[in-house]
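Observations on the model geometry
Chain residues, written in single-letter form:
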Amino acid sequence: MRRIRQQQPPHGEHHSVVIIGAGMAGLAAAHTMLDNGISPLVLEAESQPGGRCVTVAHDGGVFDLGAQFFTVRDAAFRQFLENRLDAGQAREWTRGFPDISGVSELASHPRYCGVAGMGALAASLARDIQIRFNSRVKGIVEGRACWFLTVDNSERIKADMVLMTSPLPSALRLISDENTWRMGALLLPLTGVSYAPRLAVAAILDGPSGLPAPGAARVDDGAVSWIADNKIKGISPDAFAVTIHATRAFAENHGDMPADAAGNLLAEAAAAFLESDITSALSRRWEHGAPESILQRDYYLVEGRAPLYFAGDAFSRGQIEGAVLSGIAAANAITTRLSATSATAE
Ligand SMILES: Cc1cc2nc3c(=O)[nH]c(=O)nc-3n(C[C@H](O)[C@H](O)[C@H](O)COP(=O)(O)OP(=O)(O)OC[C@H]3O[C@@H](n4cnc5c(N)ncnc54)[C@H](O)[C@@H]3O)c2cc1C
């Protein structure tokens, strides 16, 4: 019997817009594009959305392990958030946090959190978006008027425009050497942004943490910068579950150690501030935890043979609010460009 060989399209699938990363910037960008009638493909390396907004389950507890809360200072972000508040996915958590000795800071602007955790908030944002999980982009290279993305070394995707939202050092590493060389000076503003590492521990306690309301406190003892009680916060009903964040100095000084070993040392340091004993712990390290400087623009565009956009928490106001505003701004710029292209074509 004669076998019919399946003809592979030369460049796999083709999308108008591909977004790399389903963190808050990528999700906000995808949402904004959907609202504008554009359906991007989002490629996400991990198995869930949210990036550094991550909620994990460990030993019966639920932990906001990365971002703990977010501010809402900008009107565009408030508008973006309003649906989430209405749908009961986000809520105001507090107007200030005490230090570990219980001395409250003066009440000021509201801090919000996800009702079921920060990761659940990201998951609610991801619902209507075309996201491909477990799809790590390994490299991007310019074509004639497009970009070719290699996903996990095999799949090849063609895109008219690409929006990169991973932390800038890892985003820049994806660009082929030849393109990096050719774009040269255009990439310079982005290469100057470095990131501090972050280290967090999810710890189960054998009783209440003893943390003051609203269930989190700033600490600064050299090792520990923050402790939050996820039970008091309302996301871990069945277990005494605290999140411990390391100071920047501790994360840097223990950067060569395996994350678990560094996390155990951090947990030991945090024990002095907790009323109950730690019975188990899970550690997580982010190489690119927090940008050390924020670029004074909402997003960045490199005009090559095809446009390459950058967004994320290194832009706008930084942190979650900045990441979302940056994603929205990049999406609006892409929408305007696509509208202009289709008007010219008509
Ligand atoms: C420990 C910690 C505590 C924090 N606390 C707060 C806080 O309380 N309040 C606050 O506002 N901010 C906080 N932040 C910062 C906040 O989490 C970030 O500013 C925000 O989540 C950044 O969103 P982003 O979309 O720009 O990037 P990310 O969240 O990093 O998203 C990038 C996404 O891209 C994906 N990705 C990366 N490379 C690839 C690839 N090659 N292919 C496909 N996908 C890829 C990643 O998996 C990730 O999902 C904290 C951060 C950390 C680490």
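Rules and cut-offs
- Residue numbers run consecutively from 1 along every chain, following the written order of its sequence.
- Given that this is a predicted model, residues contribute local features only at a pLDDT of at least 70 and side-chain atom pairs are listed and counted only at 80 or more, while totals for whole chains, interfaces and linings are drawn from all residues.
- Each side-chain value is worked out from all heavy atoms of the structure, with water and hydrogens disregarded.
- Here a cavity means grid points, on a 1 Å grid over the protein atoms only, where a 1.4 Å probe fits yet cannot get out; a pocket means an open set of points with protein on both sides within 12 Å along at least five of seven lines; lining residues are those with an atom within 4 Å of a point.
- Grid points are joined across faces, edges and corners, and a volume is the space filled by probe spheres set on the points.
- Helix and strand definitions follow DSSP, with helices as H or I runs of at least four residues and strands as E runs of at least two, each counted in order from the N terminus.
- Charged means Asp, Glu, Lys or Arg here, nonpolar means Ala, Val, Leu, Ile, Met, Phe, Trp, Tyr, Cys or Pro, and polar covers whatever is left, Gly included.
- The near set for a molecule or strand comprises every residue that places at least one heavy atom within 4 Å of it.
- N or O atoms closer than or at 3.5 Å make up a polar contact, with two conditions inside protein: a donor-capable atom paired with an acceptor-capable one, and, for residues adjacent in sequence, both atoms drawn from side chains.
- What counts as a domain boundary in this text is fixed by an automatic or database domain assignment.
- Given the number of residues in a helix, its expected span is that number minus one, multiplied by 1.5 Å.
- Note on classification: 1.4 Å probe, protein chains only; a residue is buried when its accessible area is under 20% of the maximum for its type, exposed when over 50%, partly exposed between these limits.
- The arc in question is the one spanned by the directions pointing from the helix axis to the C-beta atoms.
- For two strands to pair, DSSP has to find at least two bridges joining them.
- Residue contacts are defined here by distance: any two heavy atoms, one from each residue, within 4.5 Å place the two residues in contact.
- A fitted line through C-alpha atoms serves as each axis, taken over the contacting stretch for helices, and the angle formed by two N-to-C directions is quoted from 0 to 180°.
- The pLDDT value tells you how sure the predictor is about a given residue, anywhere from 0 up to 100.
- Salt bridge, as used here, is a side-chain nitrogen of Lys or Arg placed within 4 Å of a carboxyl oxygen of Asp or Glu.
- Once two parts are put together, the accessible area they lose, assessed with a 1.4 Å probe and summed over both, is termed the buried area.

1. Observations concerning empty space enclosed by the protein
It is a probe the size of a water molecule, rolled over the atoms, that shows where empty space is left. Tallied over the entire structure, the rule returns 1 cavity of 30 Å³ or more. Taken as a whole, the largest cavity encloses approximately 50 Å³ of empty space. Where the lining of the largest cavity is concerned, the elements lending two or more residues are helix H2 (75-86) and helix H3 (118-126). Here the lining of the largest cavity is composed, by residue class, of 7 nonpolar, no polar and 1 charged.

2. Let's talk about the site of the ligand
The environment of the ligand is formed by 33 residues, the closest being Ala25, Glu44, Arg52, Phe69 and Asp313. Note that an oxygen atom of the ligand is positioned 3.5 Å from one of the backbone N or O atoms of glycine 51. Elements supplying a minimum of two residues to the shell around the ligand: helix H1 (24-35), strand E16 (278-291) and helix H10 (319-345). Taken together, the residues of the shell around the ligand sort by class into 14 nonpolar, 13 polar and 6 charged. Counting the residues that make up the shell around the ligand, at least three belong to each of domain 1 (13-47 + 133-193 + 294-345) and domain 2 (55-74 + 91-114 + 195-291).

3. Things to note about H2
Between its first and last C-alpha atoms H2 spans 16 Å; for 12 residues at 1.5 Å apiece the expected length is 16 Å, and the two agree. Buried within H2 we find Phe77, Phe80, Leu81 and Arg84. Down the axis of H2, the sector holding all buried residues measures 90°, keeping them to one side. Set apart from the buried face of H2 by more than 90 degrees, the exposed residues are Ala75, Gln79, Asn83 and Asp86.

4. Thoughts on the pairing of strand E14 (residues 224-229)
Buried residues dominate E14, accounting for 5 of its 6 residues. Relative to E14, strand E13 (residues 216-218) is paired through 3 bridges, and the arrangement is antiparallel. Opposite alanine 217, over in E14, you have isoleucine 227 as the bridge partner. Linking E13 back to E14 in an antiparallel pair, the connection comprises 5 residues, with glycine 222 at a positive phi of about 100°. In the sheet, E14 pairs with strand E15 (residues 241-246) via 5 bridges, with the strands oriented antiparallel. Pairing of tryptophan 226 across the sheet is with histidine 245, part of E15.

5. Regarding helix H9 (residues 259-271)
Taking 1.5 Å as the rise per residue, H9 with 13 residues should run 18 Å; its terminal C-alpha atoms sit 18 Å apart, in good agreement. Looking at the buried side of H9, the elements it contacts are strand E12 (195-205), E14, E15, helix H8 (248-253) and E16.

6. Section: the pairing of strand E11 (residues 155-164)
Summarising the sheet, strand E1 (residues 13-20) and E11 pair through 7 bridges and their orientation is parallel. Looking across to E11, one finds that isoleucine 20 is bridged to methionine 164. Note that strand E10 (residues 147-151) and E11 share 5 bridges and pair antiparallel. In the sheet register, leucine 149 faces E11, and the bridge partner there is isoleucine 157. Sheet topology places E11 next to strand E18 (residues 307-310); 3 bridges connect them, and they run parallel. Counted as the bridge partner of methionine 164 is phenylalanine 310 from E18.

7. Quick notes on the sheet that holds strand E5 (residues 70-71)
Backbone-to-backbone hydrogen bonds pair the strands of a sheet. The strands run either parallel or antiparallel. The 3 strands lie next to each other as E5-E7-E6, forming an open sheet whose pairing is antiparallel. The sheet is open, and its two edges are formed by E5 and strand E6 (90-94), each paired on a single side. As defined by bridge partners, E5 adjoins strand E7 (residues 111-114) across 2 bridges and the pair is classed as antiparallel. Considered in E7, the bridge of threonine 71 is made with arginine 111. The sheet strands contacting H3 are E5, E6 and E7, and the helix crosses E7 at an angle near 75°.

8. Looking at the confidence of the model for the protein
Predicted coordinates in areas of low pLDDT are best not read in detail. Per-residue confidence for the protein averages 94 on the pLDDT scale, and 96% of its residues sit at or above 70. Confidence over residues 1-9 falls short of pLDDT 50; this stretch has 0 contacts with residues more than four positions distant or in other chains.

9. Topic: the pattern of salt bridges
Summed over all chains, the structure comprises 11 salt bridges. Arginine 132 is the salt-bridge partner of glutamate 13, the closest N and O atoms lying 2.8 Å from each other. Placement of the pair is glutamate 13 in strand E1 and arginine 132 in strand E8 (residues 130-132), with a sequence separation of 119 residues. Under the relative-accessibility criterion, arginine 132 is labelled partly exposed at 23%. Between aspartate 313 and arginine 52 there is a salt bridge, with the nearest N and O atoms lying 2.8 Å from each other. With aspartate 313 in the loop between E18 and H10 and arginine 52 in the loop between strand E2 (41-43) and strand E3 (55-58), this pair connects stretches of sequence that are 261 residues apart. Exposure remark for arginine 52: the relative accessible area of 24% places this residue in the partly exposed category.

10. Notes on the domain arrangement of the protein
The parts lose accessible area when they come together, and the size of an interface is often stated as this lost area. For the protein, the assigned domains are domain 1 (13-47 + 133-193 + 294-345) and domain 2 (55-74 + 91-114 + 195-291). For domain 1 and domain 2, the distance between their C-alpha centroids amounts to 31 Å. Considering only the surface of domain 1 that becomes buried against domain 2, Arg317, Ile320 and Glu321 emerge as the three largest contributors, covering 43% of it. At the surface where domain 1 touches domain 2, the tally comes to 0 salt bridges.

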